[in-house]
Amino acid sequence: MTFEYPEARRDETVVDDYHGTKIKDPYRWLEDPDSNETKEFIEAENKITRPYLDSCPVKTDIHERLTELWNYPKYSCPFRKGNRYFFFKNTGLQNQNVLYVQDSLDGEPRVFLDPNTLSEDGTIALSGSRFTDDGAIFAYGLSASGSDWISIHLKDVATGENYPEVLEKVKFASMSWSKDNKGLFYSRYPEQTGKTDGSETEVNRDQKLCYHRLNTSQAEDIIVVEFPEEPLWRIGAEVTDCGKYLIVSPVKDCRDNLLFFADLSKHPDITGKLPLTQIVHKFEADYEYISNEGSVCIFRTNKNAPNYRLIKIDLQNPAEENWETLIPEHPSDVLDWAAAVDNNKLVIHYVRDVKSVLQLHSMQSGDLIQTFDLPVGTVVGFSGKKEYTEIFYHFMSFLTPGVIYHVDFQKQPYTPTVFREVKVKGFDASQYEAKQIFYSSKDGTKVPMFIVSKKNLPRDGSNPALVYGYGGFNINIQPSFSVTRLVFMQHFNGVVAIPNIRGGGEYGERWHNAGRLLNKQNVFDDFQAAAEYLVRERYTRPALLTIQGGSNGGLLVAACANQRPDLYGAAIVQVGVLDMLRFQKFTIGHAWVSDYGSSDEKVHFDNLIKYSPLHNIHSPDDETGEYPAMLVMTADHDDRVVPLHSLKFIAALQHAARRSQQRRPLLARVDIKAGHGGGKPTTKIIDEHTDILCFMTQALGLKFVK
Ligand SMILES: O=C(NCC(=O)N1CCC[C@H]1C(=O)O)OCc1ccccc1
């Protein structure tokens, strides 16, 4: 198939000056989501992409198989609130998970909140929620069409009745109840001109921490904390387990936070700003509240501990010289999260070579009590609280769809029992193998990679491979169960590879720092080295190799396609950050400077211009060579990474390819009533994954084996 790509207007008059360097931005007009020209461009792009995907001869087989395998029951850990238990469940193909309530662990579950009743197409999603400590009231956020914006609703748990008020203009909000259930602390943005439905691109600024008193209107809410001189800060807040303190943690980008606290016992009635005592005065580390005993609070931090540790801070003597270490940093394992349980214990989750380790420690001494044995895989869910004597944890791996374990601390020894195990019809794990290897990157760094496939596949380069990466923001990509990857392995003899490239948090802050700011190229080198390893070891060959990533991972894939187009047959760029000179100008993009830097600073402009996908597109006819087949994906309500990144990128790519030797397709898929990914209904997820597998089938000439 040859392609007549849409001729997007190039406005050669748009030129920016970055510290003396002139940079053209001919598709600047695509930054306006509401112009007819932009809407027509999107329509023209979908008009060539849709027929290409629909002409896949095995589209129906793929869609049916995805649907069939997807249709298995999914559960969350049960969690206790007051004297009730709650859990999320999806029977299999429901668009949104449903929240159930039980009067006891083996009581008859009743539907408590079913988001599927809130819209015909499942595009209204539950996004954030918080029960009062006694489980009497439930605050929950609803988002529409995948936007980050939520409306907070308040429900009486016993009656199921909603309070009249709805809290609007909420985004990136922590929600925390005062211990007396009288009110909710939450963060909100001020009213702004124009729409706020998630299709706008305006910068999110001036977030305030508010206190909402139940049964009053939002207009009466009190601003209790604000930093008017810091419009880009987001304000996290949490009421301590005992209810006495409010821990306030402002963050200005995507790492490091300050710490303040307010003594709520001195303000039984909150009528204005809360007086704050500052604990941490510099943005230089992460501090996360875990629990407290009286005025002594436990925090998880990477301050002087790149693999993280637990420290104790006495709010009555908060100066750093009085801080104590409760659990010291482990030399190689990353302390990923901690939770107080059974009054005097801590459950600690470590990441050890990308695999989960779960331990029980004493809250007083920090000493290890016991390790809960786990297979190779990931703890993807947990529930437990200081006041309860039991925990649940949810285990998953590449070949394990899900097992929920229960530990009751009233019985010695503390032996985990299987609470619930899910099976996937038609999936026989014994036919597959998952392994972890370590390969060398360009600079010699050893990088771990998971490789999953059918057992005994020939190692002759004849199999297609799907290489997924993220590489940023201290995020760990641990093993998980994916129906789509299972279809790729089962019906295409596919090899799934997940390299844990730098920029992630798999080896703590050192790994994150080695893949951000001026080290960002290491991330692309690691990913390219992974592809070279798979080819060298004859798992696959470039013409059968697809690279895939979303958001920061979309940047990864687009940058690698620019730098090494010879290495891949296809590239799937999902909701990617692709204009590295302007990302900070839209919605929450300014928060990403902790990984990327900002083009407002010369040192970072000089670095960003070297890899920015939009600014490093070459002609397929030059020595860098023809691009892999590329599918650039975005959606109209993505207000995390606004669609303009993808629209400008595909316009520039198609312009460079027009009348060139480029034969492989360079296409864009722009979804509607969809966003960055959070809250996406099952129907849309299956349609999107069908399109991705169809694109790979068409572009790489893959064979679907029944
Ligand atoms: O922007 C991010 N996170 C980084 C993010 O979403 N990024 C960073 C790059 C693009 C995109 C991604 O990779 O998903 O989060 C905003 C936020 C959410 C909740 C609370 C506070 C702040």
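Residues numbered from 1 in each chain as written. Predicted model: local features only at pLDDT ≥ 70, side-chain atom pairs only at ≥ 80, totals over all residues. Heavy atoms only, no water.

*Asks:* Sorry if this is basic, but what is going on with the site of the ligand here?
*Replies:* Within the structure, the ligand sits among 14 residues, and R234, Y470, S551, W592 and R640 are positioned closest to it. Between the ligand and S551, the relevant distance is 2.5 Å, taken from an oxygen atom to a side-chain nitrogen or oxygen of the residue. One of the side-chain N or O atoms of H676 is found 3.0 Å from an oxygen atom in the ligand. When the ligand sits alone it has 510 Å² of accessible area, and the protein chains cover 77% of it. The class makeup of the residues in the shell around the ligand is nine nonpolar, three polar and two charged. (Near = heavy atom within 4 Å. Polar contact = N/O pair within 3.5 Å; in protein donor to acceptor, adjacent residues only side chain to side chain. Areas by Shrake-Rupley, 256 points an atom, 1.4 Å probe, with all protein chains shown as cover. Nonpolar A, V, L, I, M, F, W, Y, C, P; charged D, E, K, R; others polar.)

*Asks:* Is there a simple way to think about the packing of aromatic side chains in this case?
*Replies:* Each aromatic ring pair is characterised by the separation of its centres together with the angle its planes make. Throughout the structure, instances matching the rule amount to 42 aromatic pairs. Aromatic ring contacts, followed pair by pair, group F79, F86, F88, F112, F131, F138 and Y140 into a single cluster. Above the face of the F409 ring, K345 is positioned so that its terminal group lies 5.8 Å from the ring centre. The ring of Y75 has R420 lying over it, and the distance from NZ or CZ to the ring centre is 3.6 Å. (Phe/Tyr/Trp six-rings, centres within 6.5 Å; stacked < 30°, edge-to-face > 60°. Lys NZ or Arg CZ within 6 Å of the ring centre and 35° of its normal.)

*Asks:* What exactly am I supposed to notice about unusual backbone geometry here?
*Replies:* Across the chain, the bulk of peptide bonds are trans and the bulk of non-glycine residues have phi less than zero. Look at the link from Q412 to P413: it is a cis peptide, with omega at -10°. Within the fold, P413 resides in the loop between β30 (400–408) and β31 (417–421). In this structure, N493 takes a positive phi of about 50° despite not being glycine. Residue placement: N493 occurs in the loop between α3 (483–492) and β35 (495–499). Classification of N493 as partly exposed rests on a relative accessible area of 24%. (Helix = DSSP H or I, 4+ residues; strand = E, 2+ residues; numbered from the N terminus. Buried < 20%, exposed > 50% of the residue type's maximum accessible area, 1.4 Å probe, protein only.)

*Asks:* Hey, could you run me through the nonpolar core in this one?
*Replies:* Across soluble globular proteins, you tend to see nonpolar side chains buried next to one another. Ranked by size, the top nonpolar core spans 132 residues in total, and within it Y439, M449, I547, W592, Y596, M630 and F695 carry the most contacts. Not counting residues within four places of it along the chain, the set of residues in contact with F695 comprises Y52, L53, A570, I572, A629, M630, L631, P665 and L667. Residues F185, V225, W233 and L258 belong to the second largest nonpolar core, which totals 19 residues. (Core = buried A, V, L, I, M, F, W, Y, C linked by side-chain atoms within 4.5 Å. Contact = heavy atoms within 4.5 Å.)

*Asks:* What's the story with the UniProt feature "domain: Peptidase S9 prolyl oligopeptidase catalytic" (unreviewed entry) in the protein chain in this structure? I'm lost.
*Replies:* What UniProt calls "domain: Peptidase S9 prolyl oligopeptidase catalytic" (unreviewed entry) maps, in this numbering, to residues 479–701. With 41% helix and 13% strand, residues 479–701 has its two end C-alpha atoms placed 28 Å apart. (UniProt positions renumbered as here; feature names shortened; annotations may be inferred.)

*Asks:* In this structure, what is going on with the UniProt feature "domain: Peptidase S9A N-terminal" (unreviewed entry) in the protein chain? I would like to understand it.
*Replies:* Mapped onto this structure's residue numbering, the UniProt feature "domain: Peptidase S9A N-terminal" (unreviewed entry) falls at residues 6–418. Structurally, residues 6–418 is divided into 8% helix and 43% strand, and its ends, taken at the C-alpha atoms, are 56 Å apart.

*Asks:* I tried to follow the pairing of strand β34 (residues 465–468) on my own but got confused; where do I start?
*Replies:* Moving residue by residue along a regular strand, the side chains alternate between the two faces of the sheet. Side chains A465 and V467 project from β34 onto one buried face, and the interleaved L466 and Y468 project onto a second face that is buried too. For β34 and β35, the ladder comprises three bridges, and the chain directions are parallel. Paired with A465 across the strands is V495, a residue of β35. Read as a crossover between parallel neighbours, the route from β34 over α3 to β35 is right-handed. As judged from the four bridges shared by β34 and strand β36 (residues 545–550), these two strands associate in the parallel manner. Bridge pairing links A465 to L545 in β36. (Pairing = 2+ DSSP bridges. Right-handed = clockwise from strand over helix to strand, strands pointing away.)

*Asks:* Would you mind showing me how to read the state of the cysteines here?
*Replies:* Any covalent bond linking the sulfur atoms of two cysteines counts as a disulfide. A complete count under the given rule lists zero disulfides for this structure. Here C297 is not disulfide-linked; the sulfur of C242 is the nearest cysteine sulfur, at 7.4 Å. Accessibility expressed as a relative area gives 0% for C297, which makes it buried. (Disulfide = S-S within 2.5 Å.)

*Asks:* Hey, could you run me through the sheet that holds strand β18 (residues 259–263) in this one?
*Replies:* Strand pairing in a sheet relies on backbone hydrogen bonds. The paired strands run either parallel or antiparallel. If you trace the four strands from one edge of the open sheet to the other, you get β16-β17-β18-β19, paired in antiparallel fashion. If you trace the sheet from one side to the other, it starts and ends with β16 (234–239) and β19 (277–280), each paired once. Averaged over all pairs of adjacent strands, the angle between strand axes in this sheet comes to 25°, irrespective of strand direction. With six bridges joining them, β16 and strand β17 (residues 245–251) adopt antiparallel strand pairing. Residue pairing for β17: A237 is matched across the bridge by V248. (Axes fitted to C-alpha atoms, helices over the stretch in contact; angles between N-to-C directions.)

*Asks:* Help me understand the environment of E7 in this model?
*Replies:* Along the chain, E7 turns up in the segment before β1 (15–18). The exposed category is assigned to E7, whose relative accessible area is 58%. For the pair formed by E7 and A158, sequence separation is 151 residues and the distance between their alpha carbons is 59 Å.

*Asks:* Which parts of the structure should I look at to understand the sheet that holds strand β26 (residues 355–362)?
*Replies:* Taken in spatial order, the four strands of this open sheet run β24-β25-β26-β27, and their pairing is antiparallel. The open sheet has two edge strands with one neighbour each: β24 (334–341) and β27 (368–372). When strand polarity is set aside, the average angle formed by the axes of neighbouring strands in this sheet is 25°. Note that β24 and strand β25 (residues 345–352) share seven bridges and pair antiparallel. When the sheet's bridge partners are listed, A340 is paired in β25 with L346.

*Asks:* Help me understand the packing of helix α2 (residues 59–70) against helix α10 (residues 682–700) in this model?
*Replies:* For any two helices packed against each other, one specifies the inter-axial angle together with the distance between the axes. Packing of α2 against α10 leaves a shortest axis separation of 9 Å and a crossing angle of 140°. Comparing the axis directions of α2 and α10 gives the class oblique. In terms of crossing hand, the pair formed by α2 and α10 is right-handed. Only T682, I685, I686, D687, H689, T690, D691, L693, C694 and T697 of α10 make contact with α2, whose side of the interface consists of K59, I62, H63, L66, T67 and W70. Of the residues belonging to the contact of α2 with α10, the class tally is seven nonpolar, six polar and three charged. (Parallel < 35°, antiparallel > 145°, perpendicular 65-115°, else oblique. Left-handed = near helix turned anticlockwise from the far one by under 90°.)

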